[in-house]
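# Summary of the model geometry
Chain by chain, the residues run as shown.
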Amino acid sequence: MATPQLAARLVPRMWRAARDRGVGAPDWTGAIPPRDSALSPERYRALLNQRTTGAAFTPHSGSVRVDAPHGAVICLWDGASTVRYAADGARAVLDYPPANPDDPSAGCRGAAVFTRGDRLAAGWLAAYTGAGAAGEA
């Protein structure tokens, strides 16, 4: 939330302000930009729309309940079978794709949400959810 020219000055101040409020992760649910943010309110809202903040999975036996931001891509898999959905911003219960009976990885299910700048995953792909720097402004 700081331009390259202002990063050295603003990022430490925003980090201290976040820590003072008990925020220790790069994700937050606030709709108001942090104090000292270099983004306009419009750019801040656009940044939040590119994040998976608030996305969540609740697995069921043959489906998963997904909360994902509007425009995100939701991917589900069962073994090598995959299916994709476009999120409309509303909670959805989505069925896992039918697995190929000859697939030795059948029954290994998971889900992932991808936005233009972020991702969240469940299943074996969950290990990569926090890897890398996604959604940098």
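Computed from a predicted structure; not experimentally measured.

Before going further, it helps to spend a moment on the overall build of the protein chain. The helix and strand tally for the protein chain stands at two helices and seven strands. Ordered by position from N to C terminus, the α and β elements of the protein chain give α-α-β-β-β-β-β-β-β. The buried share of the protein chain, taken over its 137 residues, is 32%. Long-range pairs, those at least 24 residues apart, make up 50% of the contacts in the protein chain between residues at least 6 apart in sequence. About 8,500 Å² of surface is accessible on the protein chain, with carbon and sulfur atoms providing 55% of the total.

What follows covers the side chain of Ser63. Looking at where Ser63 falls in the secondary structure, it is placed in strand β2 (residues 63-67). Residue contacts for Ser63: discarding those within four places in its chain leaves Val93, Leu94, Asp95 and Tyr96.

Moving on to the sheet that holds strand β4 (residues 81-86). In a beta sheet, neighbouring strands are held together by backbone hydrogen bonds and run either parallel or antiparallel to one another. One open sheet holds the four strands; their spatial order is β4-β3-β6-β7, and the pairing between them is antiparallel. In the strand order of this sheet, the two ends are held by β4 and β7 (119-122), each with one partner. If you compare each strand with its neighbour and ignore which way they point, the axes differ by 15° on average.

Bringing the pattern of salt bridges into the picture now. Tallied over the full model, the rule gives two salt bridges. For Asp67, the salt bridge identified is with Arg91, shortest N-O distance 2.9 Å. On the criterion of sequence distance, the pair formed by Asp67 in strand β2 and Arg91 in the loop between β4 and β5 (92-95) is long-range, its members being 24 residues apart. Taking relative accessible area as the criterion, Asp67 reaches 17% and is therefore assigned buried. Here Arg109 and Asp78 are joined by a salt bridge, their closest N and O atoms 2.9 Å apart. Here Asp78 lies in strand β3 (residues 73-78) and Arg109 lies in strand β6 (residues 109-114), a separation of 31 residues in the sequence.

On to helix α1 (residues 7-20), then. Over its 14 residues, α1 runs 19 Å from end to end, which matches the ideal 20 Å to within 8%, given 1.5 Å per residue. Along α1, the residues classified as buried are Leu10, Met14, Ala17 and Ala18. Down the axis of α1, the smallest arc covering the buried residues is 100°, so these residues share one side. What points out from α1, more than 90 degrees from its buried face, is the exposed set Ala8 and Asp20.

In this section: the side chain of Asp78. For Asp78, a relative accessible area of 4% translates into the label buried. Looking at Asp78, its side chain comes within polar contact range of the side chain of Arg109, at 2.9 Å. Once residues lying within four places of it in the same chain are set aside, the contact partners of Asp78 are Pro97, Ala99, Asp103, Ser105, Ala106, Gly107, Cys108 and Arg109.

Let's shift gears to the pairing of β3. With five of six residues buried, β3 lies mostly within the body of the structure. Sheet analysis places β3 next to β4, joined by six bridges and oriented antiparallel. Each bridged residue has a counterpart across the sheet, and for Leu76 the counterpart in β4 is Val83. Between β3 and β4, which pair antiparallel one after the other, the connecting turn spans two residues, and Gly79 there sits at a positive phi close to 60°.

Procedures and definitions
- Residues numbered from 1 in each chain as written.
- Predicted model: local features only at pLDDT ≥ 70, side-chain atom pairs only at ≥ 80, totals over all residues.
- Heavy atoms only, no water.
- Helix = DSSP H or I, 4+ residues; strand = E, 2+ residues; numbered from the N terminus.
- Buried < 20%, exposed > 50% of the residue type's maximum accessible area, 1.4 Å probe, protein only.
- Contact = heavy atoms within 4.5 Å.
- Areas by Shrake-Rupley, 256 points an atom, 1.4 Å probe, with all protein chains shown as cover.
- Pairing = 2+ DSSP bridges.
- Axes fitted to C-alpha atoms, helices over the stretch in contact; angles between N-to-C directions.
- Salt bridge = Lys/Arg side-chain N within 4 Å of Asp/Glu carboxyl O.
- Expected span 1.5 Å × (residues − 1).
- Arc of directions from axis to C-beta.
- Polar contact = N/O pair within 3.5 Å; in protein donor to acceptor, adjacent residues only side chain to side chain.

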